[in-house]
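# Survey of secondary and tertiary structure
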There are 2 protein chains.
Amino acid sequence: MSIVTIERKILAKNDELARQNRELFKKHKVFVFNIVSSPGAGKTSILERTLEYLNGKIKIAVIEGDVQTDFDARRIAKHNVPAVQIVTRGGCHLDASLIQEALQNIELKNTQLLIIENVGNLVCPANYDLGEELKVVVASTTEGDDKPLKYPEMFRKAGVLIVNKIDLLPYLDCNIETLKYNARQINPKLIIFETSCTTKTGVGEWCNWIIKQLPAAE
Amino acid sequence: MSIVTIERKILAKNDELARQNRELFKKHKVFVFNIVSSPGAGKTSILERTLEYLNGKIKIAVIEGDVQTDFDARRIAKHNVPAVQIVTRGGCHLDASLIQEALQNIELKNTQLLIIENVGNLVCPANYDLGEELKVVVASTTEGDDKPLKYPEMFRKAGVLIVNKIDLLPYLDCNIETLKYNARQINPKLIIFETSCTTKTGVGEWCNWIIKQLPAAE
C-alpha cells in the first residue's frame, strides 16, 4: 500500500511541474507535442521528415529523450534546429522536471513549435504529463493491428495517432482499418494520420495540420 | 533520494522471491525462460511457432503477461497447453510475486518447459528477475539495427537474442549483420537465432536448442 501512495505523490509532484511548463509554453505561444511509441516504431524518422518539411517555414526546437546514446539527437542535429538531449540512463520515461531542466537550453521566445521525443516505451510515458499540448502516439503497421487494445492507456491519453510504415502493409498480416477501428474504440476523438517515412506519404498532411495548430503571433 | 531507496527495496524483495521461484523450478527440473521485447516484435507468434514444434514432444506450460486483454492467452490456449494469464492493468513489467501467484495454477511436476511471456516493454522488465533460467529478447528487423545500443540493459541481461521478421529484410533499411554486431558489442555471450514466424524459417533451430537445454529426467 505504501508503494501506491508514493507513486501517487510522485505523479502529483510531476503534475505540478507539468502545469508550470504548460504556463511557460502558453506565455511564449509555443505549441508543444510529446511523441511516444514502442522502440523502433519510427518516432525519430517522423521527426526528421517533419523537420525537412517545416524547417524554414516555422521556428522549431526539439527535446530528444533516450534511455542511452545520443544517436537520435545526432540525426536531429543535422537538420539545424536547436536540440537538447536527455539521456535517462535506464529510466523508462521522461518527466516534467527533466523537461524543465532541458528548457534552460531552449530559447522559448524564439520558438513556435517544440517537439519532445519520449523514450521508446508504450506503457510508462502514458502516466507522465510533461506540460505538452498533446501526445502524439506512433503505431507502426509492423506491430500488428491489436496494439491499441493491448496498450490502451497511451491511446486514451493521445490526441493524435500516426500509423507509420504504411509502405510495408503489402507484406504484413496487419489490417490498417482494424488498427484504426481499435484505436477509435479506445479513444473516439483521436485524429489519425497515415505515413511512410520511406516514401514520405502522408508527411505533408501531418505537417500542414501542425501549422494550423500554432498559436497566432501577436 | 528516498525514491531510489524504495526502488532498491522493491528490487531486493523481488530478488528474494525470484530466488524462491528458481529453487522451485530446480526442484521440479523445469527449464524456464522469460521472453521480452518491444510491443509487436513477435513474442506471441514465436511462442505459437514454438508450441507447434515442441508440443507432444515435451511437456510445456505458459505464463502469459499482458498490460490489458487476454488476446495472447487465447492464442496460446488454442495450442492445448496449460496457460495462466496475468493482466497487469497498466503495470509495465511482470515481477517474481506475480509469477509466484501464477504458479499456483501450474503443475510443475508435470512440466519440463515453462515459458513466461512478459509485457511488451524493452525497458522495465530488464530489472525484474522472475526466477527464470534465462531471458530471451526478441528484436524485430522492423525496429532497426540500432536497438541493442539504444536499450542496452535488456540485451545485457538476456542469454538469447531472437532476431524476428527476417522475411521483411528486403523491404527495410535494417542490416541484420549490424544488428547482430551491435548486440554482441553489448553482450558478447548472446546466443542468436534468426526467425520468421510467417515463413517459419529458423523455428526448428531455435526449438532444437531448447530441447538440448532441458534437464535430464530422473
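Scope of this entry: the structure provided in the associated data block. Everything numeric in this text was worked out from a predicted model, so none of it was measured. The numbers attached to residues start from 1 for each chain and follow its sequence in the written order. As a convention, the first chain written is A and the first ligand written is 1, with the rest following in written order. With the structure being a predicted model, the display of local features is reserved for residues of pLDDT at least 70 and the display and counting of side-chain atom pairs for 80 or more, all residues being used for whole-chain, interface and lining totals. Hydrogens are left out, water is left out, and the side-chain values use all remaining heavy atoms of the structure.

Turning our eyes to something else, we now look at the overall build of chain A. Scanning chain A from N- to C-terminus turns up eight helices and seven strands. Each principal axis of the C-alpha atoms in chain A carries an extent, and together these give about 50 × 45 × 35 Å. Burial classification: accessible surface area is computed with a 1.4 Å probe over protein chains only, and a residue below 20% of its type maximum counts as buried, one above 50% as exposed, and the rest as partly exposed. In chain A, which comprises 218 residues, the proportion classed as buried is 59%. Computed by Shrake-Rupley with a 1.4 Å probe, the accessible areas treat only the displayed protein chains as cover when residues are assessed. Only carbon and sulfur atoms are counted for the fraction: they give 49% of the accessible area of chain A, which is about 9700 Å². Only DSSP runs of H or I reaching four residues or more are called helices, and only runs of E reaching two or more are called strands; each is numbered from the N terminus.

This part takes up the side chain of Asp146 of chain B. Mapped onto the elements, Asp146 of chain B comes out in the loop between β5 (134-140) and α5 (147-150). Within the structure, Asp146 of chain B has its side chain in polar contact with the side chain of Lys147 of chain B (distance 2.7 Å). Between two residues, a contact is recorded if the distance between any of their heavy atoms is within 4.5 Å. Non-local contacts of Asp146 of chain B, meaning those with residues more than four positions away in its chain, are made with Phe71 of chain A together with Asn182 of chain B. Throughout this description, a polar contact denotes any pair of N or O atoms lying within 3.5 Å of each other; where both atoms belong to protein, one of them has to be capable of donating a hydrogen while the other can accept it, and for residues adjacent in sequence the pair is counted only when both atoms sit in side chains.

Residues and elements named next belong to chain B. Along strand β1 (residues 31-37), seven of the seven residues are buried, which leaves the element largely enclosed by surrounding structure. Here β1 shows two buried faces, one formed by Phe31, Phe33, Ile35 and Ser37 and the other by Val32, Asn34 and Val36. By definition, two strands form a pair when at least two bridges between them are found by DSSP. In this sheet, strand β4 (residues 113-117) lies alongside β1 in parallel orientation, the contact comprising five bridges. Opposite Ile35, over in β4, you have Glu117 as the bridge partner.

Two copies of the chain are present, and they differ by a rotation about an axis and a shift along that axis. Superposition of chain B onto chain A requires a rotation of 180° combined with a translation of 0.0 Å along the rotation axis, giving an RMSD of 0.0 Å. Expressed as an axis order, the relation between the two copies is that of a two-fold axis. The atoms used to superpose the copies are C-alpha atoms, taken from residues with pLDDT of at least 70 in both, and the fit is least squares.

The subject of this paragraph is the pattern of salt bridges. Salt bridge, as used here: a side-chain nitrogen of Lys or Arg that lies within 4 Å of a carboxyl oxygen of Asp or Glu. In the structure shown here, the tally under the stated rule is 30 salt bridges over all chains. Across the salt bridge formed by Lys180 of chain B and Glu177 of chain B, the nearest N and O atoms sit 3.6 Å from each other. Of this pair, Lys180 of chain B and Glu177 of chain B both sit in helix α7 (residues 176-186), three residues apart, which is roughly one turn of the helix. Here Glu194 of chain B ties to Lys180 of chain B by a salt bridge, and the two come within 2.5 Å at their closest N and O atoms. Residue Glu194 of chain B is located in strand β7 (residues 191-194), and its partner Lys180 of chain B is located in helix α7; the two are separated by 14 residues in the primary sequence. Classification of Glu194 of chain B by relative accessible area gives partly exposed; the value is 30%. Under the relative-accessibility criterion, Lys180 of chain B is labelled buried at 14%. Through salt bridges with shared partners, one network takes in Glu48, Asp72 and Arg75 of chain A together with Lys150 of chain B.

Residue and element names in this part refer to chain A. The parallel open sheet is built from seven strands, whose spatial order is β3-β2-β4-β1-β5-β6-β7. Because the sheet does not close on itself, it has two edges, and the strands there are β3 (83-87) and β7 (191-194). Pairs of neighbouring strands in the sheet enclose a mean axial angle of 20°, with direction left out of account. The pairing of strand β2 (residues 60-66) with β3 spans five bridges and is classified as parallel. Bridge pairing in β3 links Asp66 to Val87. Between N-to-C directions, angles span 0 to 180 degrees; the directions come from axes that are lines fitted to C-alpha atoms, helices contributing only their stretch in contact. Relative to the sheet, helix α4 (residues 96-103) contacts β2, β3 and β4 (113-117), its axis offset from that of β3 by approximately 140°. Of the strands in this sheet, β1 (31-36), β4, β5 (134-140), β6 (160-164) and β7 touch helix α8 (residues 203-213), which is tilted by about 145° from β7.

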